[in-house]
Amino acid sequence: MIWNDEFETLPREALASLQLKRLQQTLQRVYASVPFYRESFQKANITPDSIKSLQDMEKLPFTLKQDMRENYPYGLFAAPLDQIVRIHASSGTTGKPTVVGYTRRDIKNWAEMMARSFSAAGAHAGDVIHNAYGYGLFTGGLGAHYGAEEIGASVIPMSGGNTKKQIMIMKDFGSTVLTCTPSYCLFLAEAALEEGIDIRDLPLRVGIHGAEPWSEQMRDEIEEKLGIKAIDIYGLSEILGPGVGIECIEAQNGLHIWEDHFIPEIIDPESGEVLPHGERGELVITTITKEGIPLIRYRTRDITRIIPDACVCGRTHLRLERMSGRSDDMLIIRGVNVFPSQIESLLMQIEGVEPHYQLLVDRDGNLDTLEVHVEVNEKMFSDEIKVLQGLSREIRSQIKDILGVTCEVRLVEPKTIARSEGKAQRVIDNRNKS
Amino acid sequence: MKVEQISIFIENKSGRLAEVTRILGDAGVNIRALSLADTSDFGILRLIVDQTDKAKDVIKAEGFTVSKTEVVAVEVPDRPKGLSGILDVLDAGKVNVEYMYAFVERCGENAVIIFRFDNTEEAIKVLLDNGINVLKGERVCQM
């Protein structure tokens, strides 16, 4: 179902002129109220009036995560604190967290975008939404929560962790929609089976998964193990939180990004040059309705491409292909660019191999080494050594053929790779720890 | 004519083998014969036990990867050329041996060897046609 028919199916020309108007208003706002933007525009020799068309956007400087850190905590806010009703922050794994503030209208728009997202995923009033995204500074929990209330569903604010309780509540409360990270979804299914509960027998119908990269093969596995439709959702706290874009259940192919609120561009991560529709590169987003902390040409570091074709669902908003990695998650191994997600989809294509894997990167003298650990499950296990060695050779040669990097493959016992209850730790890079 | 064997995937690190045998011991399962195939990274422990299904369940419940395979227990004369005579018969019948290991107990005057063939049915036929005694599964587990 389409939540906001008027805006979600707006003809492209009308959408473009709405975008330009809102972009110009946003530029005026940040130029007047955020010293960082005024200085960076002046340095680039432009004023808000220099931007007369959407094509002119290329002239605008990028905003980096680093800029948010340097203006910690409130330096990039474009509204005074007495208008900010909510503050979130990203986990600060490398230094200070990045802080975002929302005005009352921002919160309303966010709920609207999450309502659109839930509707696109096939959720509606009457659904019991089991929200296992973390509540707190992280945007996931509250973001999904407000959208679930907006569509009139019954939301269970589970938050993350306490897996046994999650399973009990899912079963007893009759959850029909599950929101959580894709790796936690599989973890939950395994844990349920250990309790003797097959989630396929429960009323659960749809899973909405995001906050970490996943693959098409992982979707197949989730859909099969839980008996649900698994929908990819995209968001990042700097821009909004969850609900920046989502797949529609009709196509399950590419995430519609709400273009009446955001302008997406794809750039070459090296040169910063804008790439034409269809080419893969780094996603850059400009927010055009946000009041609390509008961001101009924010470099998301997510790698994707714009799918230029019209979608069967009738929405006119552009689709982004499933994120295929992050430009800063990219591992450079002996000069070769490797995304963990590439290895994941390769493993899934080899019959029987589940995506429980971990990449160990280290340095031996001056040479980078890559070791891929893969858990042996019943489907791939054989009592003959040569079959298992053949499997490990096949993984090794596929990685060599497709990614161009030599690695060692090690088959390990099930559940020896740590499953986090939130994001899965797929990479251990020991190169800088000596 | 076939014997059920369980195979367990074990990483090549200290304590894993002890862990498996402890789990089986706690469950009251008795090991009748075993073989360990190993590589530098991992090994496969193959077992014939007195309670196959129970053994498989308790090992699996502890998080190991386990499978059940059908193998053949063959009586082998306990004298020089006893084994080679049987392998000649199999070779002539175009049956391949994937692996084999010896059983601890004897069966009367004869030794017992566990075989895993590429084609189990065909192997049993070849052995029987040549008058070689193949032991029944229930018997082997209780020996």
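Residues numbered from 1 in each chain as written. Chains lettered and ligands numbered in written order. Predicted model: local features only at pLDDT ≥ 70, side-chain atom pairs only at ≥ 80, totals over all residues.

## Digging into the overall build of chain B
Inference 1: Within chain B one finds five helices and seven strands.
Inference 2: Counting helices and strands in the order they occur from the N terminus, chain B gives β-α-β-β-α-β-α-β-β-α-β-α.
Inference 3: Looking at chain B residue by residue over its 143 residues, the buried ones come to 30%.
Inference 4: Considering only contacts within chain B whose residues lie at least 6 apart along the sequence, 68% involve residues at least 24 apart. (Helix = DSSP H or I, 4+ residues; strand = E, 2+ residues; numbered from the N terminus. Buried ≥ 20, exposed ≤ 12 C-beta atoms within 10 Å, placed from the backbone. Contact = placed C-beta atoms within 7 Å.)

## Re the overall build of chain A
Inference 1: Counting its regular elements, chain A contains eleven helices and 20 strands.
Inference 2: Sequence-distant contacts, at least 24 apart, represent 66% of the contacts inside chain A between residues at least 6 apart.

## Some details on the environment of Ile-2 of chain A
Residue and element names in this part refer to chain A.
Inference 1: In this fold, Ile-2 is placed in the segment before helix H1 (5-8).
Inference 2: With 116 residues separating them along the chain, Ile-2 and Phe-118 place their C-alpha atoms 9.6 Å apart.
Inference 3: Beyond its immediate chain neighbours, meaning those up to four positions away, Ile-2 contacts Glu-8, Thr-9, Ser-119, Gly-314 and Arg-315.

## Section: the nonpolar core
Residues and elements named next belong to chain A.
Inference 1: Cys-185 and Val-372 are the most contacted members of the largest nonpolar core, which has 144 residues in total.
Inference 2: Among the elements that make up this core, the one with the highest residue count is helix H5 (residues 104-120) (seven residues).
Inference 3: For Val-372, the residues in contact, after removing those within four places along its chain, are Ile-343, Tyr-357, Leu-359, Ile-395, Ile-399, Cys-407 and Val-409. (Core = buried A, V, L, I, M, F, W, Y, C linked by C-beta atoms within 7 Å.)

## Quick notes on the environment of Leu-318 of chain A
Residue and element names in this part refer to chain A.
Inference 1: Following the sequence through the fold, Leu-318 ends up in the loop between strand S13 (306-307) and strand S14 (319-320).
Inference 2: Here the alpha-carbon distance between Leu-318 and His-277, two residues 41 residues apart in the chain, equals 10.0 Å.
Inference 3: Sequence-distant contacts of Leu-318, defined by excluding residues within four places in its chain, comprise Ile-257, Glu-259, Pro-264 and Ile-306.

## Focus on the interface of chain B and chain A
Inference 1: The interface of chain B with chain A comprises 15 residues on the first partner and 14 residues on the second.
Inference 2: Those elements giving two or more residues to the side of chain B that touches chain A turn out to be strand S1 (2-11), strand S3 (42-49) and strand S4 (66-76) of chain B.
Inference 3: Partitioned by chemical class, the residues of the side of chain B that touches chain A number five nonpolar, six polar and four charged. (Nonpolar A, V, L, I, M, F, W, Y, C, P; charged D, E, K, R; others polar.)

## Thoughts on the pairing of strand S6 (residues 111-117) of chain B
All names here are of chain B.
Inference 1: Among the seven residues of S6, five are classified as buried, and the element is accordingly described as predominantly covered.
Inference 2: Pairing analysis gives five bridges linking S4 to S6, with the strands arranged antiparallel. Counterpart to Glu-75 in the pairing with S6 is Val-112.
Inference 3: When strand S5 (residues 97-102) meets S6, the two strands line up antiparallel, connected through five bridges. Paired with Tyr-101 across the bridge in S6 is Ile-114. (Pairing = 2+ DSSP bridges.)

## What to know about the packing of helix H10 (residues 340-349) of chain A against helix H11 (residues 385-403) of chain A
Residues and elements named next belong to chain A.
Inference 1: Two elements in contact, H10 and H11, have axes separated by 10 Å at closest approach and are oriented at 130°. Taken together, the axes of H10 and H11 are oblique relative to one another. With respect to the hand of their crossing, H10 and H11 are arranged in right-handed fashion. For the pair H10 and H11, contact is made by Gln-342, Ile-343, Leu-346 and Leu-347 and by Ile-395, Gln-398, Ile-399, Ile-402 and Leu-403, respectively.
Inference 2: Class assignment of the residues belonging to the contact of H10 with H11 gives a composition of seven nonpolar, two polar and no charged. (Axes fitted to C-alpha atoms, helices over the stretch in contact; angles between N-to-C directions. Parallel < 35°, antiparallel > 145°, perpendicular 65-115°, else oblique. Left-handed = near helix turned anticlockwise from the far one by under 90°.)

## Overview of the sheet that holds strand S20 (residues 427-429) of chain A
All names here are of chain A.
Inference 1: Pairing is mixed in the open sheet, where four strands are placed in the order S19-S18-S17-S20. Among the strands making up the open sheet, the edge pair consists of strand S19 (408-412) and S20. Strand-to-strand twist in this sheet, taken as the mean axis angle between neighbours without regard to direction, amounts to 20°.
Inference 2: Sheet topology places strand S18 (residues 367-375) next to S19; five bridges connect them, and they run parallel. Each residue of the ladder has a partner; that of Glu-375, found in S19, is Val-412.
Inference 3: Where H10 meets the sheet, it contacts strand S17 (357-364), S18 and S20, and its direction lies at approximately 130° from that of S17.
Inference 4: This element, H11, spans S18 and S19 of the sheet and lies at about 140° to S19.

## A word on the pairing of strand S7 (residues 229-236) of chain A
Residues and elements named next belong to chain A.
Inference 1: Burial of S7 is extensive: seven of the eight residues sit out of reach of the surface.
Inference 2: Summarising the sheet, strand S6 (residues 206-209) and S7 pair through four bridges and their orientation is parallel. Counterpart to Ile-208 in the pairing with S7 is Ile-231.
Inference 3: You can see the chain leave S6, run along helix H9 (residues 216-226) and come back into S7, and the turn it takes is right-handed.
Inference 4: Where S7 lies against strand S8 (residues 241-247), four bridges are found, and the strand directions are antiparallel. Bridging across to S8, Ile-233 finds its partner in Ile-246. (Right-handed = clockwise from strand over helix to strand, strands pointing away.)

## A word on the sheet that holds strand S3 (residues 128-131) of chain A
Inference 1: Overall, mixed pairing links the nine strands, which are arranged S4-S3-S5-S6-S7-S8-S9-S14-S13 (chain A) in an open sheet. Either end of the sheet is taken by a strand with one partner, and the two such strands are strand S4 (154-156) and S13 of chain A.

## A word on the confidence of the model for chain B
Inference 1: Taken over all residues, the pLDDT of chain B has a mean of 91, while the share at 70 or more is 100%.
Inference 2: Reported for the predicted complex are a pTM of 0.68 and an ipTM of 0.84. (pLDDT = per-residue confidence, 0-100.)

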